[in-house]
Amino acid sequence: MQSLCGRISNYFVTSSARRIADRRLLAGRSCSTSACVPEIAGYEGVADHGGLHGFSVAQTERFWGAVARSRLSWNSPFHTVHDCDLSQGKIRWFLGGKLNVSVNCLDRHACAFPNRVALIWERDEPGSEVKVTYRQLLELTCRLGNLFRRHGVKKGDCVTLYMPTCPLAVASMLACARIGAAHNVVFAGFSAEALADRIRDAQSSMVITVNQGVRGGKVAELKKTVDVAVQSCPSVKQVFVALRTENPVGMTSRDALLEEELQKEDVVCEPAAMDSEDVLFLLYTSGSTGKPKGLVHTQAGYLLYALLTHKYVFNYHDGDVFGCVADIGWITGHTYTVYGPLANGGTTVLFESTPVYPDPGRYWEMVQRLKINQFYGAPTAIRLLLKYGDQWVQKYDRSSLKILGSVGEPINTEAWEWYHRVVGGGRCSVVDTWWQTETGGICIAPRPSDPDAVIVPGMAMRPFFGIKPVLMDKEGAVLSTNDTSGALCIAQPWPGMARTIHNDHQRFTETYCQPYRGYFFTGDGAYRCKEGYYQIIGRLDDVINVSGHRIGTAELEDVVNRCRWVAESAVIGYTHDIKGQGVYAFVVLKKEVDVQEADLVQHLKDMVSKSIAKYACPDFIQFVPRLPKTRSGKIMRRVLRKVVEHDVDGLGDLSTLEDPATVQEVIQGHHHLFSKTHQQ
Ligand code: WTA
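Residues numbered from 1 in each chain as written. Predicted model: local features only at pLDDT ≥ 70, side-chain atom pairs only at ≥ 80, totals over all residues. Heavy atoms only, no water.

A. Seen up close, the overall build of the protein chain. Helices and strands together make up the secondary structure of the protein chain, namely 21 helices and 33 strands. For 680 residues, the compact-globule formula gives about 26 Å, and the C-alpha radius of gyration of the protein chain, at 25 Å, lands near that figure. Taken over the C-alpha atoms alone, the protein chain extends approximately 75 × 65 × 55 Å along its principal axes. Taking all 680 residues of the protein chain together, the buried fraction comes to 60%. Pairs at least 24 residues apart make up 70% of the contacts formed inside the protein chain by residues separated by at least 6 positions. Accessible area for the protein chain stands at about 26000 Å²; split by element, carbon and sulfur atoms hold 50% of it. (Helix = DSSP H or I, 4+ residues; strand = E, 2+ residues; numbered from the N terminus. Rg over C-alpha atoms; globule rule 2.2 N^0.38 Å. Buried < 20%, exposed > 50% of the residue type's maximum accessible area, 1.4 Å probe, protein only. Contact = heavy atoms within 4.5 Å. Areas by Shrake-Rupley, 256 points an atom, 1.4 Å probe, with all protein chains shown as cover.)

Structure (structure tokens):
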């Protein structure tokens, strides 16, 4: 067999030649700050982040054209930088260009430095990490790509992954990209029903899973969950099962053992030449209706945006070890565990465990052992860990750390200060990064290119290149002054944004492009301070953020209302010390109920775990005789929220209520539930 590099080298002669040419074109333009973007250095007013950012939004084509040409390896060049009309939900970048995402993430690095570590798999069992080099990851990806092809997966198909964070999962994602299939990673904490919904919507013919997951020392029956799910998914023809534990697993004629099959495959796999706008992956997320939406991300724009944000927001340099502890089942895992770091030829940590296993020092012991330089985590974990005390952090050497990132929800001042002072020893920059599944990558962050910029605690602050945030008032007018709050929109398209909702473009335009016509609506509210920096306030729609995971109240109500004893329900989010938000359900029962209240509470919680996931379970279920409604029959959620937040003075105008007595009923029931809970 010809050597790996020999066989693939022809593949990117043209693109690397083009990159060198690009650099030559730019030679001679000096860069006044160490962090500036060399491709556009020397253009008017680009000496600092403000200048670079201004240039990127004013001269979109020049900015994105230059970075796309120099940072990605193309099979054939694009002829048009973008063709977008946000009001129609039409978003297309790098038209005419062809490339392969796996080549950009693997081959070019495997050729340049085959023995560089690409992945460090931080297994659940501490101290048992596994390192995978670029060459090994490329070979694994190729074997998987060949296997998928041999089983009929074609360009345009979608493979569902239900796996823990591990090298096989990353290689499976990249193998899909290699052969032109889309992947659909479903968080391994989702229930069989939620998994089945996503497989059916994506119409996957293949599912990849493991016999059992291991997290926090506990075993999760992933294969059994897949067995249940695929019973209602006629599209699935093949399930591949990798072995994460040594326990036996029941197999059917539809199943095959992944590692065994891989041995039969060649380590070279011809990459498909993909159009920039072909689908790279679907990722389901909750919205304000009952049905989760499969957001669609495409090839070139997503990858470029992942690469650039990873490089600049975290000031990532060659040789750094990047530790994003998000699960690959969420967008953070996609963009900052997999695509961003690998596109930059970086070393990325795959964290399989939990922050408190085997004890609350896990993160920092790992930082010491793996010498992590950038640590990227969620405020909910920081809030949890700070309660255990500083000693769990101080036990370990954290001198490798340079940047501490935060994502998923607002980071409160106490958590920010602790992260900065205790974890970072006051030495590391804390970057609070705001973005969404829809945005593909970070949109607002404190230091999107200037490592010396001032950071204000608890604020995401500055827009990334190409991002033009605007705040809207209730009437849909742009708020132009500072020291003001409004609905956060983004005024022009950027390469990393989602293109559509799988099978439902109308929902995409209605949700994101029409509320403020011609702008991308994020669903979040934000405050712009006197200095012009942004602070995210939270969701404006009926989406709750539990431990950084989105869950729609309508989705929860759909499940609760399915219970035969329930007449109707209203679910809201309330402030929770650790989780950020918790779930609180108000439930109206039918007349004839022949079960005990406590049993019913447990039954409803079980229903939510079974239909969605454990993390979505209500913390409180309050039975009420009726819900406060307007005369037109709409539930007054605002009233319910105020009651739960103990702000009865702030109930506001109740004149539209059909029967104001309902409010007193809700308040009394809430006090009763609370006093009962505290007595327990
Ligand atoms: C919230 C996660 C405040 C926000 C990457 C957003 C944040 C939703 C922050 C997206 C932050 C994310 N500060 N809120 N730094 N980052 N959010 O799709 O409400 O899982 O709309 O993407 O999380 O969640 P998603």
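Anyway, onward from the coordinates.
B. Structural detail: the packing of aromatic side chains. If you walk through the whole model with that rule in mind, you get 40 aromatic pairs. Here the aromatic rings of Tyr 316 and Phe 322 are separated by 6.2 Å at their centres, their planes lie at 80°, and the arrangement is edge-to-face. Among the residues examined, Tyr 316 registers a relative accessible area of 3% and is labelled buried. Both rings, one in Tyr 336 and one in Tyr 376, keep their centres 5.8 Å apart while their planes meet at 80°; by these two values the pair is edge-to-face. Of the two residues, Tyr 336 is situated in helix α12 (residues 331–343) and Tyr 376 in strand β18 (residues 374–377); the sequence distance between them amounts to 40 residues. Overall, the relative accessible area of 0% leaves Tyr 336 in the buried class. For Tyr 376, a relative accessible area of 1% puts it in the buried group. Chaining the aromatic ring pairs together yields one cluster made of Phe 63, Trp 64, Trp 74, Phe 78, Trp 93, Phe 94, Tyr 305, Tyr 312, Phe 464 and Phe 465. When the ring centre of Trp 121 is taken as reference, the NZ or CZ atom of Arg 123 above it lies at 5.2 Å. (Phe/Tyr/Trp six-rings, centres within 6.5 Å; stacked < 30°, edge-to-face > 60°. Lys NZ or Arg CZ within 6 Å of the ring centre and 35° of its normal.)

C. Examining the side chain of Arg 528 more closely. Of note, Arg 528 is situated in strand β27 (residues 520–528). It is Asp 483 that comes nearest to the buried, bridge-free Arg 528 among opposite-charge side chains, at 9.3 Å. Looking at Arg 528, its side chain comes within polar contact range of the side chain of Tyr 534, at 3.0 Å. Discounting chain neighbours no more than four positions away, the residues touching Arg 528 are Leu 471, Leu 479, Ser 480, Thr 481, Asn 482, Asp 483, Thr 484, Tyr 533 and Tyr 534. (Lys, Arg positive; Asp, Glu negative; His and termini not counted. Salt bridge = Lys/Arg side-chain N within 4 Å of Asp/Glu carboxyl O. Polar contact = N/O pair within 3.5 Å; in protein donor to acceptor, adjacent residues only side chain to side chain.)

D. Quick peek at helix α14 (residues 379–388). With 7 of 10 residues buried, α14 lies mostly within the body of the structure. Here α14 has its buried residues at Pro 379, Thr 380, Ala 381, Ile 382, Arg 383, Leu 385 and Leu 386. Backbone geometry just downstream of α14 places Gly 389 in the positive-phi region, at approximately 100°.

E. Focus on the environment of Tyr 574. Among the secondary structure elements, Tyr 574 is positioned in strand β31 (residues 566–576). Distance in space between the C-alpha atoms of Tyr 574 and Asn 545 is 9.7 Å, their sequence separation being 29 residues. In this structure, Tyr 574 is in contact with Gly 580, Gln 581, Gly 582, Val 583, Tyr 584, Asp 619, Phe 620, Val 644 and Glu 645, ignoring residues within four places of it in sequence. Within the structure, Tyr 574 has its side chain in polar contact with the side chain of Asp 619 (distance 2.9 Å).

F. Region of interest: the site of the ligand. For the ligand, the set of nearby residues contains 17 residues, the closest of which are Thr 433, Thr 437, Asp 524, Arg 539 and Arg 550. Asn 545 is positioned such that a nitrogen or oxygen atom in its side chain is 3.4 Å from an oxygen atom of the ligand. The protein chains hide 97% of the 520 Å² of surface that the ligand would expose on its own. Where the shell around the ligand is concerned, the elements lending two or more residues are α12, β20 (429–433) and β28 (534–539). A breakdown of the residues in the shell around the ligand according to their chemical character gives 6 nonpolar, 6 polar and 5 charged. (Near = heavy atom within 4 Å. Nonpolar A, V, L, I, M, F, W, Y, C, P; charged D, E, K, R; others polar.)

G. Helix α9 (residues 222–230), seen in detail. Taken residue by residue, α9 has Leu 222, Lys 223, Thr 225, Val 226, Ala 229 and Val 230 as its buried positions. In an axial view of α9, the angular spread of the buried residues amounts to 155°, which keeps them on one side of the axis. (Arc of directions from axis to C-beta.)

H. Here's a closer look at the sheet that holds strand β23 (residues 469–472). Across the sheet, 5 strands lie side by side as β24-β23-β25-β27-β28; this open sheet has antiparallel pairing. Lying at the two open borders of the sheet, with one neighbouring strand each, are β24 (478–479) and β28. Relative to β28, β27 is paired through 5 bridges, and the arrangement is antiparallel. Looking across to β28, one finds that Ala 526 is bridged to Ile 536. (Pairing = 2+ DSSP bridges.)

I. Summary view of the state of the cysteines. Counting across every chain of the model gives 0 disulfides. Here Cys 176 stays unpaired: no disulfide links it, and the sulfur of Cys 158, its closest cysteine neighbor, is 7.6 Å away. Cys 324 supplies the cysteine sulfur nearest to Cys 428, a cysteine that is in no disulfide, at a spacing of 17 Å. For Cys 428, a relative accessible area of 3% gives the class buried. (Disulfide = S-S within 2.5 Å.)

J. Broad picture of the packing of helix α8 (residues 192–202) against α9. Relative to each other, α8 and α9 sit at 55°, their axes nearing to 8 Å. In this view, α8 runs oblique relative to α9, as classed from their interaxial angle. The handedness of the crossing between α8 and α9 comes out as right-handed. Contact residues: α8 offers Ala 192, Leu 195, Ala 196 and Ile 199, while α9 offers Thr 225, Val 226, Val 228, Ala 229 and Val 230. Looking at the contact of α8 with α9, its residues break down into 8 nonpolar, 1 polar and no charged. (Axes fitted to C-alpha atoms, helices over the stretch in contact; angles between N-to-C directions. Parallel < 35°, antiparallel > 145°, perpendicular 65-115°, else oblique. Left-handed = near helix turned anticlockwise from the far one by under 90°.)

K. Broad picture of unusual backbone geometry. The omega angle of the peptide bond from Tyr 357 to Pro 358 is 0°, so this bond is cis rather than trans. Counting through the fold element by element, Pro 358 comes out in the loop between β17 (347–351) and α13 (362–370). Residues other than glycine seldom take positive phi values, yet Lys 371 does so here, at roughly 55°. One can find Lys 371 in the loop between α13 and β18.

L. Geometry of the sheet that holds strand β7 (residues 182–185). In spatial order, the strands read β12-β11-β8-β6-β7-β14-β15-β26; together these 8 strands make up an open sheet with mixed pairing. Edge positions in the sheet fall to β12 (255–257) and β26 (500–501), since each of these pairs with one other strand and no more. On the sheet, α9 packs against β6 (158–162), β8 (206–210), β11 (238–242) and β12 and is oriented at approximately 155° with respect to β8.

M. Examining the pattern of salt bridges more closely. A complete count under the given rule lists 40 salt bridges for this structure. We note a salt bridge from Asp 318 to Arg 116, for which the minimum N-O separation is 3.3 Å. With Asp 318 in the loop between α11 (299–313) and β16 (321–324) and Arg 116 in the loop between α5 (101–112) and β4 (117–122), the pair connects residues that are 202 residues apart, well separated along the chain. Arg 123 is the partner of Glu 125 in a salt bridge, and the nearest nitrogen-oxygen pair spans 3.6 Å. Assessed through its relative accessible area of 30%, Glu 125 is described here as partly exposed. Arg 123 sits in the buried class, given a relative accessible area of 19%. Through salt bridges with shared partners, a single ionic network connects Glu 122, Glu 129, Arg 362, Glu 365 and Arg 369.

This is a description of form; function is not addressed.
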